[in-house]
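Each chain, written out:
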Amino acid sequence: MAQSLAKEFTKGLWAEIPPFRLVLGLCPALAVTKSLENGIGMGIALTFVLVCSNLFISLLRTIIPSKVRIACFIVIVATFVTIVELLMQAYAYELFLTLGIFIPLIVVNCIPLGRAEAFAYKKGPLLSIADGLGLGIGYGMSLSALASVREILGNGTLTIWGGTPAFTLGPDFLPFKFLLTAPGAFVGLGLMLCLMNLIGKK
Amino acid sequence: MGDLFVLVISCIFINNILLAQYLGNCPFLGTSKKMETAIGMAMAVIFVLVLAGAITWVVNQYMLKALKVEYLQTLSFILVIAALVQFVEMFLKKSIPALYGSLGIYLPLITTNCAVLGVCLINIKEDYTFIESLVTSFSYAAGFGLALVLFAGVRERILLARVPKPLQDVSIGLITAGIIAMTFMSFKGMV
């Protein structure tokens, strides 16, 4: 049991890491990765939603009729997204403002719905929590990696939490502003995907 | 009237939903391998987004605001969109089978297209009137279609090119999208 739990958890960290191996949830990966802080915030929000929705769907899997399951999944996911939205508004208002529309959009981010359909609806609650936790943390890691590259090269700083940069490259560094714009996001993600393909076998 | 025109131009070109606002990327990469599927998806999005924009505006104005439960926006909008997509699908199947044949398979995908929910939320956030919401919904959808069709055209050409192995498929797709996004950036000074 412990072994299979560990397996479900670790697959989200490398073998099926979103959004690289599991190409879902691209929009927030492009939009919120201007700074590391936003990447981490989005990762935490998604992990919370994913773990909770996986747990509830897995607990309710014998009750939910298979014909209307998608609608049920959407309602469950949307409930937890609303909870995250309200919590962020109360305790992390700055982050709430910068992430903006992308918090409610976790509903249609495809990762929670995809995992509900492919995993939580078929497996037990413990396995589903492990799956959600692994994929959520994996997603957070990918976003943080992309965000760090974009922030360091695009702005010359790295902000981990709270708005003040933890480290700056100094006044001599000429920022590569292209990476902070929309095309930079696409190209950056594309190149990272290429790097992932180079390192690991499919 | 002039304001509406500015709104149309800015929604289609300057704030293009795909390339400047980063919404709807999953179908953008998923359905752009062939021109035919790209056109089908674009038509389906325009159709549903205009309806969804109108209905969610009414729901927000006369139900959520009236009852002071605006925090239920996410939940109610996604349900409205899911129900709408289902309804449109049934309606088309029954009354316009030809259109259903061409849009049919793309309709269920639209529920989870974040461009649809995204535009509905943007309309509410920007406090647009009903007419403005209709106009922005249509223009954003048209912008989505334009970018998708352009991208599909480029992608069909890439199929003929010899792309290095690690760059293949999604990776080269994203870089191409980046270059198209760069061309769209040049519209920025227009309005």
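You'll find the structure just up there.
The shown structure was predicted, so the numbers you read here are calculated from the model rather than taken from an experiment.

1. What to know about the overall build of chain B
When helices and strands are tallied, chain B shows nine helices and zero strands. Starting at the N terminus and walking to the C terminus, you meet the elements of chain B as α-α-α-α-α-α-α-α-α. Here the C-alpha radius of gyration of chain B, 17 Å, is about what a compact globule of 191 residues would show, namely 16 Å. Judged by the C-alpha coordinates and their principal axes, chain B covers about 60 × 45 × 30 Å. Buried residues in chain B amount to 41% of all 191 residues. Pairs at least 24 apart in sequence give 77% of the contacts found in chain B among residues at least 6 apart.

2. Concerning the interface of chain B and chain A
Listed by partner, the interface residues are 32 residues for chain B and 34 residues for chain A. Elements with a minimum of two residues in the side of chain B that touches chain A: α2 (25-30), α4 (73-95), α7 (114-125) and α9 (170-185) of chain B. Top contributing element to the side of chain B that touches chain A by residue count: α9 of chain B, with 11 residues. Looking at the side of chain B that touches chain A, its residues break down into 24 nonpolar, seven polar and one charged.

3. What to know about the packing of helix α6 (residues 111-120) of chain A against helix α7 (residues 125-155) of chain A
All names here are of chain A. Interaxial distance between α6 and α7 falls to 11 Å at its minimum, and their mutual angle equals 145 degrees. As α6 packs across α7, the resulting crossing turns out to be right-handed. Two secondary-structure elements touch here, α6 through I111, R115, F119 and A120 and α7 through S128, D131, G132, L135 and Y139. Looking at side-chain class alone, the contact of α6 with α7 contains five nonpolar, two polar and two charged residues.

4. Examining unusual backbone geometry
A cis amide bond links P18 of chain A with the next residue in sequence, P19 of chain A, at an omega value of 0 degrees. A positive phi is found at D127 of chain B, a non-glycine position, where the angle reads about 60 degrees. Along the chain, D127 of chain B turns up in the loop between α7 and α8 (130-158). D127 of chain B sits in the exposed class, given 8 other C-beta atoms within 10 Å.

5. A few points about α7 of chain B
Between its terminal C-alpha atoms α7 of chain B stretches 16 Å, which fits the 16 Å expected from 12 residues at 1.5 Å a residue. Burial analysis of α7 of chain B places 11 of its 12 residues in the buried class, the great majority of the element. Buried residues along α7 of chain B sit in contact with α2 (26-31) of chain A together with α3 (35-67), α4, α6 (107-110) and α8 of chain B. Of the residues trailing α7 of chain B, D127 of chain B is marked for its positive phi of about 60 degrees.

6. Section: the nonpolar core
Residues V49, V77 and V107 of chain A together with V45, V116, L117 and F144 of chain B are the most contacted members of the largest nonpolar core, which totals 107 residues. With 11 residues, helix α3 (residues 36-59) of chain A is the single largest residue contributor to this core. In this structure V49 of chain A touches V77, F80, V81, V84, I106 and P112 of chain A, once residues within four positions along its chain are discounted.

7. Some remarks on the environment of S128 of chain A
Residues and elements named next belong to chain A. With respect to the helices, strands and loops of the structure, S128 is situated in helix α7. A tally of 27 C-beta atoms within 10 Å means that S128 is categorised as buried. Separated by 123 residues in sequence, S128 and L5 have C-alpha atoms that sit 8.9 Å apart. Among residues more than four places away in sequence, those in contact with S128 are N54, L55, S58, F119, A120 and K123.

Quick notes on the rules
- Residues numbered from 1 in each chain as written.
- Chains lettered and ligands numbered in written order.
- Predicted model: local features only at pLDDT ≥ 70, side-chain atom pairs only at ≥ 80, totals over all residues.
- Helix = DSSP H or I, 4+ residues; strand = E, 2+ residues; numbered from the N terminus.
- Rg over C-alpha atoms; globule rule 2.2 N^0.38 Å.
- Buried ≥ 20, exposed ≤ 12 C-beta atoms within 10 Å, placed from the backbone.
- Contact = placed C-beta atoms within 7 Å.
- Nonpolar A, V, L, I, M, F, W, Y, C, P; charged D, E, K, R; others polar.
- Axes fitted to C-alpha atoms, helices over the stretch in contact; angles between N-to-C directions.
- Left-handed = near helix turned anticlockwise from the far one by under 90°.
- Expected span 1.5 Å × (residues − 1).
- Core = buried A, V, L, I, M, F, W, Y, C linked by C-beta atoms within 7 Å.

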